[in-house]
Amino acid sequence: MIFDSNYDLKDESETLRLAQSMAIHLHPGMNLYLKGELGAGKTTFVRGLLRGLGYQDKVKSPTYTLVEPYSLEKFTFYHFDLYRFKDEHEWDDAGFREYFNKASICVVEWPEKAGHILPEPDISIELSHESFGRHIHLISHTSLGAECLKATI
Ligand SMILES: Nc1ncnc2c1ncn2[C@@H]1O[C@H](COP(=O)(O)OP(=O)(O)O)[C@@H](O)[C@H]1O
Ligand SMILES: [Mg+2]
């Protein structure tokens, strides 16, 4: 189910605030993909999601490890950064396919680097640089994703 929304984000705090607003409407089993060039604010958005889910510690970019797991109270939240992802065989060898399950939430930066091996996301997010800060385009691909976007303000 396609639903989309657009926001202008003037500074980092607005990016964090929007992500925090979305976080409380996420459910286990959902997958979110984040697109945008380096420095567009993808990791900032993930930090906002984690804050919204009650995680207060540092959020580091898993550029070399490809994924950082967060064991939250109700589910495991996996933050992928596939910028350096190369070998598709590595995906199954590392067991990443199993991370996409009904009990976890997967948020993926640079999903385009993994091509077709990723499942369809519930929501895809595109961030872009603008003179005023950043523009964000949120698109749902499932009804669960659409409900989440409608509730995000
Ligand atoms: N709405 C915004 N306006 C201006 N700067 C922003 C905004 N959102 C985030 N930033 C800044 O942009 C940079 C983005 O870094 P990061 O989130 O690591 O990007 P990415 O993960 O896309 O490479 C950070 O310095 C962050 O403070
Ligand atoms: Mg990043």
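In this text, all values refer to a predicted model and were calculated from it rather than measured experimentally.

A. Focus on the coordination of the magnesium ion (ligand 2). Protein ligation of the magnesium ion (ligand 2) involves Thr43 (OG1) and Glu109 (OE), the donor distances falling in the range 2.1 to 2.3 Å. Highlighted residues: Thr43 in helix α2 (residues 42–52) and Glu109 in strand β5 (residues 104–109), separated in sequence by 66 residues. Judged by its relative accessible area of 17%, Thr43 is buried. The exposure class of Glu109 is buried, given its relative accessible area of 3%.

B. The packing of aromatic side chains, seen in detail. Inspection of every chain in the model, using the stated rule, returns 12 aromatic pairs. Arranged with centres 4.9 Å apart and planes meeting at 75°, the rings of Tyr55 and Tyr70 form a pair that is edge-to-face. Taken together, the residues span a long stretch of sequence, with Tyr55 in the loop between α2 and β3 (67–71) and Tyr70 in strand β3 at a distance of 15 residues. Since its relative accessible area comes to 4%, Tyr70 is described here as buried. When the ring of Tyr70 is compared with that of Phe77, the centres are 6.2 Å apart and the planes differ by 75°; the resulting orientation is edge-to-face. Pair check on accessibility: Tyr70 and Phe77 agree, each one buried. Linked through ring pairs, Tyr78, Phe80, Phe85, Trp91, Phe96, Tyr99 and Phe100 together constitute an aromatic cluster. Across from the ring centre of Trp110, 5.4 Å away, lies the NZ or CZ of Lys113, which sits over that ring.

C. A look at the pattern of salt bridges. Evaluation of the coordinates by the stated rule reveals 2 salt bridges. In this structure, Glu12 and Arg47 form a salt bridge, with 3.9 Å as the shortest nitrogen-oxygen distance. One end of the pair, Glu12, is in helix α1 (residues 12–23); the other, Arg47, is in helix α2, with 35 residues separating them in the sequence. Relative accessible area serves as the criterion here: at 23%, Arg47 is assigned to the partly exposed category. With a closest N to O distance of 2.7 Å, Arg97 and Asp92 form a salt bridge. The partly exposed category is assigned to Arg97, whose relative accessible area is 41%.

D. A negative patch on the surface, seen in detail. On the surface, a cluster of negative charge is contributed by Asp87, Glu88, Glu90 and Asp93. On the secondary structure map, Asp87 appears in the loop between β4 (76–81) and α3 (88–93).

E. Up close: the site of ligand 1. Around ligand 1, the surrounding shell holds 16 residues, and the nearest of these are Glu12, Thr15, Gly39, Lys42 and Thr44. Leu9 places a polar main-chain atom, nitrogen or oxygen, 3.0 Å from a nitrogen atom of ligand 1. A distance of 2.9 Å separates an oxygen atom of ligand 1 from a polar side-chain atom of Thr43. Here ligand 1, which alone exposes 570 Å², has 73% of that area covered by the protein. Secondary structure elements with two or more residues in the shell around ligand 1: α1, α2 and β7 (133–140). For the shell around ligand 1, the element with the most residues is α2, which contributes 3 residues.

Cut-offs used in this document
- Residues numbered from 1 in each chain as written.
- Chains lettered and ligands numbered in written order.
- Predicted model: local features only at pLDDT ≥ 70, side-chain atom pairs only at ≥ 80, totals over all residues.
- Heavy atoms only, no water.
- Donors = N, O, S within 2.8 Å, 3.2 Å for Na, K, Ca; no water.
- Helix = DSSP H or I, 4+ residues; strand = E, 2+ residues; numbered from the N terminus.
- Buried < 20%, exposed > 50% of the residue type's maximum accessible area, 1.4 Å probe, protein only.
- Phe/Tyr/Trp six-rings, centres within 6.5 Å; stacked < 30°, edge-to-face > 60°.
- Lys NZ or Arg CZ within 6 Å of the ring centre and 35° of its normal.
- Salt bridge = Lys/Arg side-chain N within 4 Å of Asp/Glu carboxyl O.
- Patch = residues over 30% accessible without salt bridge, like charges linked within 9 Å, V, L, I, M, F, W, Y side chains within 5 Å.
- Areas by Shrake-Rupley, 256 points an atom, 1.4 Å probe, with all protein chains shown as cover.
- Lys, Arg positive; Asp, Glu negative; His and termini not counted.
- Charge placed at Lys NZ, Arg CZ, Asp CG, Glu CD.
- Near = heavy atom within 4 Å.
- Polar contact = N/O pair within 3.5 Å; in protein donor to acceptor, adjacent residues only side chain to side chain.

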